[in-house]
Amino acid sequence: MKILHIIPYFYPAVSYGGPVNVSYYLTKELRQLNNEVKVLTTDAYDLNKRVRLKKNFINNVEVTYLRNLSNKLAKKYNMYLPLGMVKYFRKNIKDNHIIHIHEYFTVLTVLAVYYACKNKKKIFLQSHGSIVMNTQRGRPLIKNIFNFFFENFLLKNVDHFLVLSDEEMEYLLKKDVLKNKIHFINNGVDISEFDNYKFIDITGRFIKREVEKEHFKLVFLGRINFIKGFDYLIESVSILIKRGFNVLLFIAGDDDGYKIKLEQMINNFKIKENVYFIGFLNKDEKLSLLEQSDIYIQTSISDAFPVSVVEAICKFKPVVITNTIGIARLVDNKFGIVTELDPNKIADAVIELLSDKKLRSKFINNAKQMREQLFSWKSIAQELNGLYATG
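Criteria and thresholds
- Residues numbered from 1 in each chain as written.
- Predicted model: local features only at pLDDT ≥ 70, side-chain atom pairs only at ≥ 80, totals over all residues.
- Heavy atoms only, no water.
- Helix = DSSP H or I, 4+ residues; strand = E, 2+ residues; numbered from the N terminus.
- Rg over C-alpha atoms; globule rule 2.2 N^0.38 Å.
- Buried < 20%, exposed > 50% of the residue type's maximum accessible area, 1.4 Å probe, protein only.
- Contact = heavy atoms within 4.5 Å.
- Areas by Shrake-Rupley, 256 points an atom, 1.4 Å probe, with all protein chains shown as cover.
- Lys, Arg positive; Asp, Glu negative; His and termini not counted.
- Charge placed at Lys NZ, Arg CZ, Asp CG, Glu CD.
- Polar contact = N/O pair within 3.5 Å; in protein donor to acceptor, adjacent residues only side chain to side chain.
- Pairing = 2+ DSSP bridges.
- Axes fitted to C-alpha atoms, helices over the stretch in contact; angles between N-to-C directions.
- 1 Å grid on protein atoms, 1.4 Å probe; cavity = no way out; pocket = protein on both sides within 12 Å on 5 of 7 lines; lining within 4 Å.
- Points joined across faces, edges and corners; volume = space filled by probe spheres on them.
- Nonpolar A, V, L, I, M, F, W, Y, C, P; charged D, E, K, R; others polar.
- Right-handed = clockwise from strand over helix to strand, strands pointing away.
- Core = buried A, V, L, I, M, F, W, Y, C linked by side-chain atoms within 4.5 Å.

A. Quick look at the overall build of the protein. Tallying secondary structure elements over the protein gives 15 helices and 14 strands in all. Against the globule reference of 21 Å for 391 residues, the protein gives a C-alpha radius of gyration of 22 Å, in line with a compact fold. C-alpha atoms of the protein, sized along the principal axes, occupy 65 × 40 × 40 Å. The 391 residues of the protein split such that 55% are buried. In the protein, once contacts between residues fewer than 6 apart in sequence are set aside, the share between residues at least 24 apart is 69%. Carbon and sulfur atoms form 49% of the exposed surface of the protein, whose accessible area is close to 18000 Å². In the protein, 57 side chains carry a positive charge and 42 a negative one; their mean positions are 7 Å apart.

B. Representation of the side chain of Thr-109 in the model. Of note, Thr-109 is situated in helix H4 (residues 107-118). Within polar-contact distance, the side chain of Thr-109 engages the backbone oxygen of Glu-103 at 3.0 Å. Contacts of Thr-109, omitting those with residues within four sequence positions, involve Ile-101, His-102, Glu-103, Tyr-104, Leu-125 and Leu-154.

C. Looking closely at the sheet that holds strand S3 (residues 55-58). Reading across from one edge, S3-S4-S2-S1-S5-S6-S7-S8 is the order of the eight strands in this open sheet, with mixed pairing throughout. Edge positions in the sheet fall to S3 and strand S8 (182-184), since each of these pairs with one other strand and no more. Here the strands of the sheet are splayed against their neighbours by 20° on average, with no regard to which way each runs. Pairing of strand S6 (residues 122-126) with strand S7 (residues 160-163), which is carried by three bridges, proceeds in the parallel orientation. In the sheet register, Gln-126 faces S7, and the bridge partner there is Leu-162. Contacts between helix H1 (residues 18-32) and the sheet are confined to strand S1 (2-6), strand S2 (36-42), S3, strand S4 (61-66), strand S5 (98-102) and S6, with S2 contributing the most and set at about 160° to the helix.

D. Main features of unusual backbone geometry. Geometrically, the link from Tyr-11 to Pro-12 is a cis peptide bond, its omega value of 15° lying close to zero. As for its placement among the helices and strands, Pro-12 is situated in the loop between S1 and H1. The residue Glu-103 is not glycine, and still its phi comes out positive at about 80°. Looking at the secondary structure, you find Glu-103 in the loop between S5 and H4. Residue classification places Glu-103 among the buried positions, given a relative accessible area of 10%. At Lys-120, a position not held by glycine, the phi torsion is positive, near 55°. Of note, Lys-120 is situated in the loop between H4 and S6.

E. Just the layout of surface pockets, in detail. Considering only enclosed or pocket space, the second largest pocket measures out at about 220 Å³ in volume. Residue lining of the second largest pocket: Asp-43, Lys-49, Arg-50, Val-51, Arg-52, Leu-53, Lys-54, Tyr-65, Leu-66, Arg-67 and Leu-83, and that is the complete set. Residue classes in the lining of the second largest pocket are distributed as five nonpolar, no polar and six charged.

F. Layout of the pairing of S2. Across the seven residues that make up S2, a large majority, five, are buried. Pairing analysis gives five bridges linking S1 to S2, with the strands arranged parallel. Pairing of Lys-2 across the sheet is with Glu-36, part of S2. Viewed along the sheet, the connection from S1 through H1 into S2 turns out right-handed. Here S2 runs beside S4; their pairing, made up of five bridges, is parallel. Among the inter-strand pairings, Lys-38 is bridged to a residue of S4, identified as Glu-62.

G. Main features of the pairing of S1. Of all the five residues making up S1, four are buried; the element is thus mostly covered by neighbouring parts of the structure. Pairing of S1 with S5, which is carried by four bridges, proceeds in the parallel orientation. Counted as the bridge partner of Leu-4 is Ile-99 from S5.

H. View of the nonpolar core. Residues Ile-234, Leu-249, Ile-251, Tyr-296, Ile-321, Ile-327 and Phe-375 are the most contacted members of the largest nonpolar core, which totals 71 residues. When residues of this core are assigned to their parent elements, the largest contribution, seven residues, is made by helix H13 (residues 343-354). Excluding residues within four positions of it along the chain, Tyr-296 makes contact with Val-219, Phe-220, Leu-221, Leu-290, Ser-308, Val-309, Ala-312, Pro-318, Val-319 and Val-320. In terms of nonpolar packing, the next biggest core, distinct from the first, is built from 33 residues, Met-85, Leu-125, Leu-154 and Leu-172 among them.

Right, here's the structure in full:
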């Protein structure tokens with residue numbers, strides 16, 4: 001098959017987060033399945049830099065970078081206006097069997113759907129969780145304006161929607177999208193990394209070995225931002241300590257300006273000796289910290305499919321997450337416990353895991369048996385390739 005992936009940003013623009021990683025690995029694996037795969041993207045790199053190449057080959061995939069009218073408009077307001085976009089669509093869309101579009105709230109998406117329809121091509125739209133409106137996440141006004149003008153057009157003309165969460169599924173069904181047009185496609189990880197890395201003692205940088213042995217270690221990976229629900233997490237640690245459980249919480253990630261508030265909370269709860277901010281970790285350090293943990297915990301106010309939860313599962317760690325996270329549909333009673341976004345309920349879930357060794361073993365064994373099938377990019381690409389084939 002000839003497949004064109006369209007995305008506002010592509011490798012090496014890793015500052016744009018999850019969609020860049022997803023599209024990179026999907027196109028790589030789809031190419032290895034003997035498809036002819038191309039990528040159309042823009043020259044967005046970050047707020048201040050652009051990708052200097054006009055064309056490149058990455059994993060034997062041809063990548064075309066169109067110049068954005070304004071890099072700052074693109075990064076700040078999601079306004080990707082690549083010069084030459086219409087010319088590219090008129091010339092190239094007709095040569096492909098499948099048009100796979102990443103992201104939802106962009107002009108690039110609207111024009112791609114328009115020209116794909118005009119050329120009677122099958123359209124797959126992968127919104128990466130963004131299709132569901134959430135006032136706690138960025139740019140609600142821009143999203144409302146976008147939906148006013150374009151939502152009906154997109155919902156009517158896209159052939160297949162690739163979603164991450166039950167919330168996305170329910171949203172589309174309420175908009176009268178047929179259920180057979182909606183498909184769950186997981187985000188994945190490079191499984192080979194989990195068995196081949198250099199171990200580094202991360203916890204030992206902060207606590208003595210004899211102290212570590214006396215405590216259960218909880219780990220969170222991700223940027224320090226209010227949307228990650230740290231208020232609930234910090235309070236739940238305080239509750240655990242009050243209930244007599246010796247726990248340490250290690251938070252690894254860059255600060256988005258929220259750390260100072262958390263430090264105030266930690267001081268107020270008098271748990272300074274139980275919470276440690278690790279900062280950014282590279283791959284080896286991150287996997288080492290997961291290896292040293294007892295439970296992975298994430299309490300986001302809103303999150304579609306955080307790769308950190310997948311990484312913990314693939315490192316065979318039982319997890320506690322809140323039902324506000326899209327991946328809850330896969331985790332619940334299979335790889336961990338899903339609970340409500342409430343400090344007491346979060347503490348209860350942690351206590352249940354810490355108190356039940358058989359339950360922890362069950363979740364660990366499930367992860368060992370299912371991580372390749374559910375979370376390897378090879379398996380995910382094979383599933384997607386099957387959807388392409390059926391059209």
